[in-house]
Amino acid sequence: MNQLKLGIPKGSLQDATIDLFARAGWRVTISSRSYVPSIDDPEIECLMVRAQEMARYVETGALDAGITGHDWVVETEANVQELAELVYAKQRLARVRWVLAVPEDSPIQKPADLAGKVIATEVVRTTEKYLAKHGVKGARVEFSWGATEVKVPRLADAIVEVTETGSSLRANRLRIVDTVLESATVFIMNREAAASAWKREKAENLILMLQGAIDATNKVGLMLNVRREHLDAVLGVLPALKNPTISTLSDPEWVAVNTIIEEAVVRQILPKLKAAKAQGIVEYPLNKIVL
């Protein structure tokens with residue numbers, strides 16, 4: 001039987017990835033003592049791999065495909081194929097940034113001020129390329145194993161660190177000087193595996209469902225009935241993903257309206273819909289939206 005060897009990121013992305021797979025229709029079960037999760041699909045074999053190493057294992061063919069950050073593809077210079085961008089992270093649905101940061105009272109204001117300075121980071125190659133791009137000479141880039149924020153100013157003059165919201169940097173009294181690299185989670189594939197029609201189709205179908213689950217996050221469906229004479233008033237209230245679906249009911253004087261909206265705005269527009277003469281309003285959850 002054909003199987004797709006798939007790398008699941010271990011670490012900060014792990015929980016968000018397992019939750020995403022569940023919403024997409026796959027149940028992945030992880031044992032605390034095992035790096036080989038079980039999945040309820042006999043055509044997929046999973047292996048837990050750190051996101052930092054994923055691209056290397058996919059490049060060599062140890063894995064057919066994997067989920068990792070674009071930043072680690074760049075950092076490892078792995079020759080893999082990025083099939084899709086899956087915009088989710090450990091805290092929210094958003095891209096992340098690798099930023100150059102310094103203490104709030106640091107005299108460093110721009111990349112040129114890094115000449116002769118020490119920079120701590122986990123993405124050494126990316127940082128070195130950034131410095132070369134800006135013509136910075138004499139700076140020393142040191143690999144950081146973690147807790148990078150606490151290394152300035154005693155152990156380093158600046159850091160290049162990943163951030164989603166900037167809250168951790170602010171908590172450590174650090175100031176962002178510049179963005180070094182913007183990144184998102186990506187689905188990558190070994191180039192030889194991507195040339196296999198079966199594996200390529202399996203991967204693309206998996207991506208379709210994962211993307212559908214991402215697109216459905218924080219959205220709900222709304223169904224309601226309204227008399228035709230009040231339809232324009234109701235449509236004026238609805239912020240639709242696209243044009244709402246309008247269907248004629250058995251009574252030609254009435255129509256059904258079906259649409260998708262952000263969950264956060266439901267509490268604001270439901271009273272307005274009621275005031276616009278909508279009736280039988282139903283809010284329902286969404287698992288996936290396939291555009």
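Conventions and cut-offs
Residues numbered from 1 in each chain as written. Predicted model: local features only at pLDDT ≥ 70, side-chain atom pairs only at ≥ 80, totals over all residues. Heavy atoms only, no water. Core = buried A, V, L, I, M, F, W, Y, C linked by side-chain atoms within 4.5 Å. Buried < 20%, exposed > 50% of the residue type's maximum accessible area, 1.4 Å probe, protein only. Helix = DSSP H or I, 4+ residues; strand = E, 2+ residues; numbered from the N terminus. Contact = heavy atoms within 4.5 Å. Phe/Tyr/Trp six-rings, centres within 6.5 Å; stacked < 30°, edge-to-face > 60°. Arc of directions from axis to C-beta. Pairing = 2+ DSSP bridges. Axes fitted to C-alpha atoms, helices over the stretch in contact; angles between N-to-C directions. Parallel < 35°, antiparallel > 145°, perpendicular 65-115°, else oblique. Nonpolar A, V, L, I, M, F, W, Y, C, P; charged D, E, K, R; others polar.

### Observations concerning the nonpolar core
Among the nonpolar cores identified, the biggest contains 30 residues, and Leu 6, Phe 21, Tyr 88, Phe 187, Leu 206 and Leu 210 are the most heavily contacted of them. Counting only elements with at least two residues in this core, the list comes to β1 (4-10), α1 (14-24), β4 (44-50), β5 (65-69), β6 (81-86), β12 (185-189), α6 (191-194) and α7 (197-216). Sorting elements by how many residues they give to this core places α7 first, with six residues. The contacts of Phe 187, once residues within four sequence positions are left out, are Leu 6, Ala 65, Gly 66, Ile 67, Gln 81, Glu 82, Leu 83, Ala 84, Leu 86, Ala 203, Leu 206 and Ile 207.

### Description of the packing of aromatic side chains
In this structure the tally under the stated criterion is two aromatic pairs. Relative to Trp 98, the ring of Trp 72 lies with its centre 5.9 Å away and its plane at 90°, an arrangement referred to as edge-to-face. With a gap of 26 residues between them, Trp 72 in helix α3 (residues 70-76) and Trp 98 in strand β7 (residues 96-103) connect regions that are remote in the sequence. Across the pair, exposure class does not vary: Trp 72 and Trp 98 are buried alike. Measuring from ring centre to ring centre gives 4.8 Å for Phe 143 and Trp 145, while their planes differ by 90°; the resulting arrangement is edge-to-face.

### Side note on helix α9 (residues 266-275)
Listed as buried for α9 are Val 266, Ile 269 and Leu 273. Projected down its long axis, α9 shows its buried positions confined to an angular sector of 75°, all on one face. Looking at α9, the residues exposed on the side facing more than 90 degrees away from the buried face are Arg 267, Pro 271, Lys 272, Lys 274 and Ala 275. Lys 277 sits one or two positions beyond α9 and adopts a positive phi of about 80°.

### With respect to the sheet that holds strand β9 (residues 140-143)
Taken in spatial order, the five strands make up an open sheet running β9-β8-β10-β7-β11, and their pairing is mixed. Of all strands in the sheet, those with a lone pairing partner are β9 and β11 (174-183), marking the two edges. For this sheet, the mean angle separating the axes of adjacent strands, direction not counted, is 25°. On the sheet, helix α4 (residues 124-133) packs against β7, β8 (118-121), β9, β10 (158-163) and β11 and is oriented at approximately 165° with respect to β9.

### Quick word on the environment of Ile 214
Looking at the secondary structure, you find Ile 214 in helix α7. Put simply, Ile 214 and Glu 85 are 129 residues apart on the chain and 11 Å apart in space, counted from C-alpha to C-alpha.

### Section: the packing of α1 against α7
Direction vectors running N to C along α1 and α7 enclose 100°, while the axes themselves pass 8 Å from each other. Taken as axis vectors, α1 and α7 run roughly perpendicular relative to one another. Contact residues: α1 offers Leu 20, Phe 21, Arg 23 and Ala 24, while α7 offers Leu 206, Met 209, Leu 210, Ala 213 and Ile 214. By residue class, the composition of the contact of α1 with α7 is eight nonpolar, no polar and one charged.

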